[in-house]
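Structural features, examined
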Amino acid sequence: MKYVSTRGQAPARSFSDILLAGLAEDGGLFMPETWPQFTAEDWRDMRSLPYAQLAARVMAPFMAGSIDQKTLLRLCRDAYANFDHAAIAPLVQIEDGLFVQELFHGPTLAFKDMAMQLLGRLFDHVLTERDERVTIVGATSGDTGSAAIEACKGRERLSVVILHPEGRTSDVQRRQMTTVLDPNISNLAVQGTFDDCQDLVKAMFADMPFRNEMRLSAVNSINWARIAAQIPYYVYAALSLGAPDREISFAVPTGNFGNVLAAWVARRMGLPVRHLCVGSNRNDILTRFLNTNDMTARAVVPSLSPSMDIQVSSNFERLLFEFLDRDSESCASLMTGFRQTGKMDVPESVWSSIHGLFSGLALDDEATTTEIRNVHQKSQYLADPHTIIGIAAGRKFRQPGIPMVAMATAHPAKFPDAMRAATGIFPALPPSLADLFDREERFRVVPNTLNLVEDAVRSGVLNNDR
Ligand SMILES: Cc1ncc(COP(=O)(O)O)c(C=O)c1O
Ligand SMILES: N[C@@H](CCOP(=O)(O)O)C(=O)O
């Protein structure tokens, strides 16, 4: 499989190349040149497969020519071996026709582990084959960082530098990152928002001398490999509920648009997905766009669901590229305009095709708390402040006869204060993290300034070499 850039100015590359490159040289995001197609018979054949096997089958076409099927299966088996649930991504029914798919059974208690546990192994495999090293720079609003650190710590060929917005994650989230003291891991607390962190990462990639000097790579969902590894759980849920002989809808709490984009890709590959419902918090740019074609960025407001405190959703560019019929020139011009003005004028016809498939619902903090309490009282299900937003979107948009699956993206123990305020319950961390608040923390505070962040990345990586 070859990959092309959404901005059309980068050469087509293999899967291994784009895994290591992360972001295309023209500032665009990589997309597969063609979409793999699975028939109803193909889906039926996968129905009884254990998760790791199903994941390898679904991802194989995206990695064809780079990772052979036997290796991919081995890496998948390894990646999911330490999850704390035999089903890996179990489904729980909470109401008539409404299911929750729990994606938080990995080591850092968030859906990011589903992809990141595989990515760490893919990086290792490709870098060993090529005898190379890379520096991973990542931006996190709370969960990507710890999942990346957990998946990459101690790996000789990887240095990892994670930027988080100072004071804007939960204490559990921050400590999950900053208490990992392996020499190949550095944490930077940026004086800004997640969007600032994400901009800094993209700016480091755009600084070609720095990019080449550090051999930069990415673990955010700007890296296609992240999206590829998030597709299988949609397949797993849909097949468990009767696909391909029945349609399924999904509801996804959304920030950077990577998770719901993976659901859209599953549909593009032939999975019968009826409706995609996006949940936002007060940072509701996606909901405003989906409902009224208003894509205007506003200042980021801290919320009870900090991982979704995002205004610039990187993966929207991939959706736009597709709905523009892969017209990379128009895509580049809309993205550049958005960056310059903070507003995107998506053509009405494009918006209305997107609107035909996606719907959005936004919840403020008060509504989030009320929903957590109501769902807990009615269904005895404890949903974290992100998951509950997906559940609320799923409840609003479900249709009779079509199962709605809401994605549970984080374990409630990552946000104990919000959970206690809503339900009186203070969810405990699992034994592996029980001493999290006794561990030593290490991180550096840096201003939101590119050259100072680049210096900090350099020195983090140099320390690692010592
Ligand atoms: C717990 C949680 N829920 C939802 C999201 C939003 O997912 P995405 O950025 O893929 O839209 C994130 C962050 O990515 C998250 O950490
Ligand atoms: N919510 C995310 C933000 C980054 O998203 P990603 O999927 O692009 O890595 C986080 O928790 O860091």
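What counts as what
Residues numbered from 1 in each chain as written. Chains lettered and ligands numbered in written order. Predicted model: local features only at pLDDT ≥ 70, side-chain atom pairs only at ≥ 80, totals over all residues. Heavy atoms only, no water. Helix = DSSP H or I, 4+ residues; strand = E, 2+ residues; numbered from the N terminus. Rg over C-alpha atoms; globule rule 2.2 N^0.38 Å. Buried < 20%, exposed > 50% of the residue type's maximum accessible area, 1.4 Å probe, protein only. Areas by Shrake-Rupley, 256 points an atom, 1.4 Å probe, with all protein chains shown as cover. Lys, Arg positive; Asp, Glu negative; His and termini not counted. Charge placed at Lys NZ, Arg CZ, Asp CG, Glu CD. Near = heavy atom within 4 Å. Polar contact = N/O pair within 3.5 Å; in protein donor to acceptor, adjacent residues only side chain to side chain. Nonpolar A, V, L, I, M, F, W, Y, C, P; charged D, E, K, R; others polar. Salt bridge = Lys/Arg side-chain N within 4 Å of Asp/Glu carboxyl O. Core = buried A, V, L, I, M, F, W, Y, C linked by side-chain atoms within 4.5 Å. Contact = heavy atoms within 4.5 Å. UniProt positions renumbered as here; feature names shortened; annotations may be inferred. Pairing = 2+ DSSP bridges. Axes fitted to C-alpha atoms, helices over the stretch in contact; angles between N-to-C directions. Left-handed = near helix turned anticlockwise from the far one by under 90°. Right-handed = clockwise from strand over helix to strand, strands pointing away.

Focus: the overall build of the chain
- What the chain contains, in helices and strands, is 20 helices and 16 strands.
- Since a compact globule built from 466 residues should have a radius of gyration of about 23 Å, the 20 Å found for the chain is in line with a globular shape.
- Dimensions along the principal axes, computed over C-alpha positions, put the chain at roughly 60 × 50 × 45 Å.
- For the chain, the proportion of its 466 residues judged to be buried stands at 63%.
- Here the chain has roughly 16700 Å² of accessible surface; of this, 48% comes from carbon and sulfur atoms.
- Charge separation in the chain, taken as the distance between the mean sites of 46 positive and 54 negative side-chain charges, equals 2 Å.

Focus on the site of ligand 2
- The local shell around ligand 2 holds 13 residues, among which T140, D143, T144, S221 and N256 are the closest.
- Side-chain polar atom of T140 to an oxygen atom of ligand 2: 2.6 Å apart, as the coordinates give it.
- Here an oxygen atom of ligand 2 and a backbone polar atom of D143 are 2.7 Å apart.
- Contact with the protein chains hides 95% of the accessible area of ligand 2, taken as 340 Å² for the molecule alone.
- In the shell around ligand 2, the residues fall into two nonpolar, eight polar and three charged.

A short note on the pattern of salt bridges
- Taken as a whole and judged by the stated rule, the model has 30 salt bridges.
- Two residues, D245 and R47, come together in a salt bridge whose shortest N-O distance is 2.7 Å. Here R47 lies in the loop between α2 (40-46) and α3 (51-63) and D245 lies in the loop between α11 (232-240) and β10 (248-253), a separation of 198 residues in the sequence.
- R47 gets classed as partly exposed once you look at its relative accessible area, which sits at 37%.
- One salt-bridge network, in which partners are shared between bridges, spans E95, E371, K378, R395 and R398.

Quick word on the site of ligand 1
- The environment of ligand 1 is formed by 15 residues, the closest being K112, D143, G255, N256 and T409.
- A distance of 3.3 Å separates an oxygen atom of ligand 1 from a polar atom in the backbone of G258.
- Take S307: an N or O atom from its side chain is 3.4 Å from an oxygen atom of ligand 1.
- In isolation ligand 1 has 380 Å² of accessible area, and contact with the protein removes 97% of it.
- Across the shell around ligand 1, the residue classes break down as five nonpolar, eight polar and two charged.

A word on the nonpolar core
- Y80, W224, F250 and F358 are the most contacted members of the largest nonpolar core, which has 118 residues in total.
- Among the elements that take part in this core, α3 stands out by supplying ten residues, more than any other.
- Excluding anything up to four places from it in sequence, F250 contacts Y234, A237, A238, V273, H275, L276, C277, M404, V405 and M407.
- The next biggest cluster of nonpolar side chains, apart from the first, holds 25 residues, and it includes L163, M214, I310 and V446.

Notes on the UniProt feature "domain: Tryptophan synthase beta chain-like PALP" (unreviewed entry) in the chain
- The UniProt record marks residues 98-328 with the feature "domain: Tryptophan synthase beta chain-like PALP" (unreviewed entry), using the residue numbering of this structure.
- As annotated, residues 98-328 has a helix share of 43% and a strand share of 19%, and its two end C-alpha atoms lie 38 Å apart.

Some thoughts on the UniProt feature "domain: Threonine synthase N-terminal" (unreviewed entry) in the chain
- Per the UniProt record, the feature "domain: Threonine synthase N-terminal" (unreviewed entry) sits at residues 2-80.
- Across residues 2-80 one finds 48% helix and 11% strand; the C-alpha atoms that close the span lie 27 Å apart.

Observations concerning the sheet that holds strand β2 (residues 13-14)
- Reading across the sheet, the three strands line up as β2-β1-β3 and stay open at both edges, with antiparallel pairing between neighbours. Unpaired on one side and paired on the other, β2 and β3 (30-32) mark the two borders of the sheet.
- Here strand β1 (residues 2-5) runs beside β2; their pairing, made up of two bridges, is antiparallel. In the sheet register, K2 faces β2, and the bridge partner there is S14.
- Across the sheet, helix α14 (residues 316-323) is in contact with β1 and β3; its angle to β3 comes to roughly 50°.

Regarding the packing of α14 against helix α15 (residues 328-341)
- The interhelical angle for the contact between α14 and α15, taken along N-to-C directions, is 140°, at an axis separation of 9 Å. In terms of crossing hand, the pair formed by α14 and α15 is right-handed. From α14, E317, L320 and F321 reach across to α15, where they touch S328, C331, L334 and M335.
- Classifying every residue of the contact of α14 with α15 by side-chain character gives five nonpolar, one polar and one charged.

Looking at the environment of M335
- When you line up the elements, M335 lands in helix α15.
- Judged by its relative accessible area of 12%, M335 falls in the buried class.
- Separated by 111 residues in the primary sequence, M335 and W224 have C-alpha atoms spaced 18 Å apart.

Looking at the pairing of β10
- For β10, a buried count of six out of six residues is recorded, marking the element as mostly surrounded by other parts of the structure.
- Of the pairings in the sheet, the one linking β10 to strand β11 (residues 273-280) comprises five bridges and is parallel in character. Along β11, the bridge assignment pairs V252 with V278.
- In terms of handedness, the path from β10 via helix α12 (residues 258-268) over to β11 forms a crossover that is right-handed.
- Direction of pairing for β10 relative to strand β15 (residues 404-408): parallel, over a ladder of three bridges. By the bridge assignment for β15, F250 is matched with V405.

Looking at the packing of helix α5 (residues 112-130) against helix α6 (residues 144-152)
- At a closest axis distance of 8 Å, the pairing of α5 and α6 adopts a crossing angle of 30°. Taken as a pair, α5 and α6 cross one another with a handedness that is right-handed. Along the contact surface, α5 presents K112, D113, M116, Q117 and G120, while α6 presents T144, A147, A148, E150, A151 and C152.
- Looking at the contact of α5 with α6 residue by residue, the class counts come to five nonpolar, three polar and three charged.

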